[in-house]
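# Architecture at a glance
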Amino acid sequence: MPRKAANSKVGLLMRLGSSAIAVVRTVKQLRRARGTQDKLTAADTLAGLLPLVTSALLVLRRLRGRSPRSSG
């Protein structure tokens, strides 16, 4: 059975959806940490949020049809 390309629209949409769910879950965790005045947990959660947002933005760029490679 042949495999589909890893960059298919369906695959990219699934990656975007999972990234969005992870971002929502992390934002909830950040609010909870801020509510308990736990600065270390809040900082850790914020640091974990950055790669999720970056990943979602990369998927959106690919869905728009732009090249993911730099011209260096």
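Relevant structure appears above.
Residues numbered from 1 in each chain as written. Predicted model: local features only at pLDDT ≥ 70, side-chain atom pairs only at ≥ 80, totals over all residues. Heavy atoms only, no water.

## A closer look at a positive patch on the surface
The line we're drawing: A residue counts toward a patch only above 30% relative accessible area and without a salt bridge, and it is joined to like-charged neighbours within 9 Å or, for Val, Leu, Ile, Met, Phe, Trp and Tyr, to nonpolar neighbours within 5 Å. Working definition of accessibility: Shrake-Rupley area with a 1.4 Å probe, residue cover restricted to the visible protein chains. In the sections that follow, a salt bridge refers to a side-chain nitrogen of Lys or Arg positioned within 4 Å of a carboxyl oxygen of Asp or Glu. Neither His nor the chain termini are counted; the positive set is Lys and Arg, and the negative set is Asp and Glu. The atom standing in for a charge is NZ when the residue is Lys, CZ when it is Arg, CG when it is Asp and CD when it is Glu. Each helix corresponds to a stretch of at least 4 residues labelled H or I by DSSP, and each strand to a stretch of at least 2 residues labelled E; elements are numbered beginning at the N terminus. Type-normalised accessible area, obtained with a 1.4 Å probe on protein chains alone, sets the label of each residue: buried when under 20%, exposed when over 50%, and partly exposed for intermediate values.
A cluster of basic residues, Lys28, Arg31, Arg32 and Arg34, forms a positive patch on the protein surface. Mapped onto the elements, Arg32 comes out in helix α1 (residues 9-35). The class for Arg32 is exposed, based on a relative accessible area of 56%.

## Remarks on the nonpolar core
What counts is decided by this rule: To define a nonpolar core, start from buried Ala, Val, Leu, Ile, Met, Phe, Trp, Tyr and Cys residues and group those joined through side-chain atoms within 4.5 Å. Whether two residues are in contact is decided by their heavy atoms, any of which lying within 4.5 Å being enough.
With 5 residues, the main nonpolar core is built from Leu12, Leu16, Ala56, Val59 and Leu63. Of all the secondary structure elements, the ones that give two or more residues to this core are α1 and α2 (39-63). Looking at this core element by element, the count peaks at 3 residues for α2. Once residues within four sequence positions are removed from consideration, Leu16 is found in contact with Ala56, Val59, Leu60 and Leu63.

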